[in-house]
Amino acid sequence: MNIFVRELKANLKSLLIWGGIVIFFVFIGISKFSAYEGNSEMLALLDDLPPALLSAFNFNAFNLTTITGFFGVMFTYFALLLSISATMWGSDIISKEERDKTVEFSLTLPVPRSRLVTAKTLAAVVNCIGLLFITWGISIVSTAKYQPGSEFYDFLRLCVLALFIMQLIFLAIGIFLGCAMKQYKRASSVAVSLLLGTYFISIISGLHKDLEFLKFFSPFKYFDAGVLLNESKIDLTFVWISAGIIAVCMFGAYISYARRDLYI
């Protein structure tokens, strides 16, 4: 419990910073919606873009003149922000003990390494949930003046659930890299690079139907905002794939951290 509380306090500043970034992003993004609201001429501008580009960035799945459609386009950027924060928390929450030369203190505690990983993981999950609720709350507040209907709020709930699963995926990946990499200083950079790589794979998979198989390699395609809006459900296939990724990464994290030598 002491480790868990210590990690919450240590990461509070980071949570507030990420929360501020999300709040700023939402207000800037929603403020731009005023130019699209009920303006069919803005949609005509999109018609001039190449179809492959529209498909890659999912513009053709939404009506940008409605707040629900505009929010659907913003979903990808929410996913990026929340996934990056989760990745960095996951990779840093373990490796920082070696970076800050506090690992010797941690190892003197009367707890096994597995409990240390568990406590730190739970603290990181709480951070992810906190940032998710900030995102959810500020989205409701910032869109309220446009008086969205029930469709928007149903879509928002699905988006929040999808974002949480994505957070857990990249958190688990980050924790695994933080536990497994001997070059602990590179854990965060490798984790973020892997995240950005999967994001670009998601873009490439939308360029042509022959590349759609690539979506299985990118969590950003597991929860497509267009599918969430039009089908009002999350594909259980990708939920199980996500659960498998999380389980494998966490299992690997426990095993690797228990066996590897730590830099004191």
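Bear in mind the structure is a predicted one, so any value in this text is a computation, not a measurement.

Attention now moves to the overall build of the protein. Secondary structure summary: the protein contains 12 helices and 0 strands in total. If you list the helices and strands of the protein from N to C, you get α-α-α-α-α-α-α-α-α-α-α-α. Among the 264 residues that make up the protein, the fraction classed as buried is 47%. The contacts in the protein between residues at least 6 apart in sequence include a share of 78% that link residues at least 24 apart. Carbon and sulfur atoms make up 66% of the accessible area of the protein, which totals about 13200 Å².

A word on the packing of aromatic side chains. Per the counting criterion, the structure on display carries 13 aromatic pairs. Measuring from ring centre to ring centre gives 5.0 Å for Y222 and F238, while their planes differ by 15°; the resulting arrangement is stacked. Remark: F238 occurs in helix α12 (residues 236-259) and Y222 occurs in helix α10 (residues 219-222); sequence separation between them is 16 residues. An identical accessibility class is assigned to Y222 and F238; each is buried. Three or more aromatic residues joined by ring pairs form one cluster here, namely F25, F71, Y77, F78, F152, Y153 and F155.

Now for the pattern of salt bridges. Taken as a whole, this structure holds 4 salt bridges when the rule is applied. Two residues, D224 and K221, come together in a salt bridge whose shortest N-O distance is 3.5 Å. As far as the burial class goes, D224 and K221 line up, both buried. Look at the salt bridges and you will find they share partners, linking R6, E7 and K120 into a network.

Given a rise of 1.5 Å per residue, 19 residues ought to cover 27 Å, and the 27 Å separating the end C-alpha atoms of helix α9 (residues 187-205) matches this to within 8%. Among all positions of α9, only A187, A191, V192, L195, T198, Y199, S202, I203 and S205 are buried.

Glancing now at the confidence of the model for the protein. Across the protein, pLDDT averages 82, with 82% of residues at or above 70. Ranking the elements of the protein by mean pLDDT puts helix α6 (residues 103-108) last with 56 and helix α8 (residues 150-180) first with 91.

With that settled, the discussion passes to unusual backbone geometry. At Q147, a residue that is not glycine, the phi angle is positive and equals roughly 50°. Within the secondary structure layout, Q147 lies in the loop between α7 (113-143) and α8. Despite not being glycine, S232 shows a phi value in the positive range, around 55°. Mapped onto the fold, S232 is located in the loop between α11 (225-231) and α12.

On to a nonpolar patch on the surface. Judged by side-chain polarity, I23, F27 and V141 come together as a nonpolar surface patch covering roughly 260 Å² of accessible area. When its relative accessible area of 32% is taken as the criterion, I23 is described as partly exposed.

Now for empty space enclosed by the protein. Under the counting rule described, the total for this entry stands at 2 cavities of 30 Å³ or more. For the second largest cavity, the calculated volume is near 40 Å³. Taken together, F71, F78, T135, W136, S139, L156, C159, V160 and L163 make up the lining of the second largest cavity. Mapped by element, the contributors of at least two residues to the lining of the second largest cavity are α5 (67-99), α7 and α8. The element contributing the most residues to the lining of the second largest cavity is α8, with 4 residues. Its residues assigned to classes, the lining of the second largest cavity comprises 7 nonpolar, 2 polar and no charged.

Structurally, I241 is set in helix α12. Among the residues examined, I241 registers a relative accessible area of 27% and is labelled partly exposed. Residues I241 and P219, spaced 22 residues apart in sequence, show a C-alpha to C-alpha distance of 9.3 Å. Excluding residues that lie within four positions of it along the chain, I241 makes contacts with F216 and Y222.

The rules behind each value
Residues numbered from 1 in each chain as written. Predicted model: local features only at pLDDT ≥ 70, side-chain atom pairs only at ≥ 80, totals over all residues. Heavy atoms only, no water. Helix = DSSP H or I, 4+ residues; strand = E, 2+ residues; numbered from the N terminus. Buried < 20%, exposed > 50% of the residue type's maximum accessible area, 1.4 Å probe, protein only. Contact = heavy atoms within 4.5 Å. Areas by Shrake-Rupley, 256 points an atom, 1.4 Å probe, with all protein chains shown as cover. Phe/Tyr/Trp six-rings, centres within 6.5 Å; stacked < 30°, edge-to-face > 60°. Salt bridge = Lys/Arg side-chain N within 4 Å of Asp/Glu carboxyl O. Expected span 1.5 Å × (residues − 1). pLDDT = per-residue confidence, 0-100. Patch = residues over 30% accessible without salt bridge, like charges linked within 9 Å, V, L, I, M, F, W, Y side chains within 5 Å. 1 Å grid on protein atoms, 1.4 Å probe; cavity = no way out; pocket = protein on both sides within 12 Å on 5 of 7 lines; lining within 4 Å. Points joined across faces, edges and corners; volume = space filled by probe spheres on them. Nonpolar A, V, L, I, M, F, W, Y, C, P; charged D, E, K, R; others polar.

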